[in-house]
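Residues per chain, in single letters:
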Amino acid sequence: MRGRMRGCLIGAFVAGGLFVLVVAVLMQGSGTAPPYRKPAETPALAEVIEERRLDARRLELTLRSPALGDTTKVRLLLPEGWDERTGWPVMWLLHGGLDDHASWTARTDVDALTGDDGLMVVMPDGGGCGSYSDWWNGGAGGPPRWETYHLKELLPLLESRYRAGKKRVVAGYSMGGQGAMLYAAKGGFKAAASFSGAVHILGPGVPQAVMAGTTIGCPGTDWKRVWGDPDRQRAIWRAHNPYDQAGKLRGVRLYVAAGAGDLVEDLAGRAARAFAGRLRELGIPVTTHFYRGGHNHTFWQRELRHAYPMLKRALS
């Protein structure tokens, strides 16, 4: 990489969040960014290796994904009477950095919240530092391709084999808040909610947080594999930045929430306010909730309960 990176990184992770507190990073770069070309998508469905029924509602699948070049898991919460018909409305819940497909059911009351509402809840693994993106990998593409796996392999598999319908909404926390907005911008989701989400990855201090988060949270992973350098591969970063993709969310019901009160959540809060402001500049309605609170599941559970009536209405 041309240029020099100097300064000091002091990172602090909060479980479930990709955001990292960065005390000081000064980055200089040069060169012209090449045009961004999205890697070719994989049309094949993921292969089901194992189905495991955990209880009356929880069904856990182990899949082999061509897009990931690896096995992965997804947890489903099934509605009562699931095996009696097809076309169930679906709510996708995306986890944050360093968490996994089990985090929503392990650390929130989503089971109780959705138990009587006749919908399927889909909680896929998104990788500890996956960023809900097809990784750039120095321009070579290839695995991991998280977006391709979720939208081109898993989604149609759920429709063809697991009775999921075409009506979908999506929500996520931290890294998953970014994923929720990016996936909604691709189309096919009627509503999207972000809780403490990485919804402006080019906002002040956020590129440095993403770099440090990948380096510290996923040891041995070169952060540039995900989207490249934020200066030289600017187009790739913008293509994965909800703030820059906000215009594609017109017609989607939106909820954006974030807190303030710890240094990590302050960064998320600034990103959320900028993103909400951009939506309003574009004349796109958004419901917001800004509050005092930290970057943790206590507040993400609360925000899911706040957003849930809107998400449920969008499925009707």
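Residues numbered from 1 in each chain as written. Predicted model: local features only at pLDDT ≥ 70, side-chain atom pairs only at ≥ 80, totals over all residues. Heavy atoms only, no water.

In the nomenclature of an unreviewed UniProt entry, the protein corresponds to Alpha/beta hydrolase from the organism Nonomuraea typhae.

## What about helix α5 (residues 206-217)?
The periodicity of an α-helix, 3.6 residues per turn, causes residues three or four places apart in sequence to face the same way. Rules: We count a stretch as a helix when DSSP gives it H or I for four or more residues in a row; a strand needs E for two or more, and each element gets its number in order from the N terminus. What a helix is expected to span follows from its residue count: subtract one and scale by 1.5 Å. Relative accessibility under 20% of the residue-type maximum defines a buried residue, over 50% an exposed one, and the middle range a partly exposed one, all with a 1.4 Å probe and only protein chains included.
Taking 1.5 Å of rise per residue, 12 residues should cover 16 Å, and α5 covers 15 Å from first to last C-alpha, within 8% of that figure. In terms of residue burial, α5 counts as a mostly covered element, since nine of its 12 residues are buried.

## Remarks on the state of the cysteines
Test applied: In plain terms, two cysteine sulfur atoms within 2.5 Å form what is called a disulfide here.
Counted by the stated rule, this structure contains one disulfide. Across a sulfur-sulfur distance of 2.1 Å, C129 and C218 are joined as a disulfide pair. Every disulfide takes its handedness from the sign of the S-S torsion; for C129 and C218 that torsion is 100 degrees, giving right-handed. Of this pair, C129 sits in the loop between β7 (120-124) and α3 (146-161) while C218 sits in the loop between α5 and α6 (224-227), and the two are 89 residues apart along the sequence. With respect to burial, C129 and C218 carry one shared label: buried.

## Some thoughts on the pattern of salt bridges
The line we're drawing: One speaks of a salt bridge when a side-chain nitrogen belonging to Lys or Arg is within 4 Å of a carboxyl oxygen belonging to Asp or Glu.
By the definition in use, this model includes 16 salt bridges. The partner of R58 in a salt bridge is D55, with the nearest N and O atoms 3.2 Å apart. The class of D55 is partly exposed, set by a relative accessible area of 36%. A salt bridge links R168 to E159; its shortest N-O distance comes to 2.7 Å.

## Brief notes about the packing of aromatic side chains
What counts is decided by this rule: Note on ring pairs: Phe, Tyr and Trp rings are taken, using the six-membered ring of Trp, and paired if centres are within 6.5 Å. Classes follow the plane angle, with under 30 degrees stacked, over 60 edge-to-face and the rest tilted. Any Lys NZ or Arg CZ found within 6 Å of a ring centre and within 35 degrees of that ring's normal is scored as a charge over the ring.
Scanning all chains against the criterion turns up eight aromatic pairs. When the centroid spacing of 5.9 Å and the interplanar angle of 85 degrees are considered together, the rings of Y132 and Y183 count as edge-to-face. Of this pair, Y132 sits in the loop between β7 and α3 while Y183 sits in helix α4 (residues 175-185), and the two are 51 residues apart along the sequence. Where W227 meets W237, the ring centres are 5.0 Å apart and the plane angle is 70 degrees; that geometry is what we call edge-to-face. Linking W227 in helix α6 with W237 in helix α7 (residues 234-239), this pair joins segments that are 10 residues apart in sequence. Exposure class is identical for W227 and W237. Each is buried. The side chain of R85 reaches across the aromatic face of W88, ending 3.6 Å from its centre.

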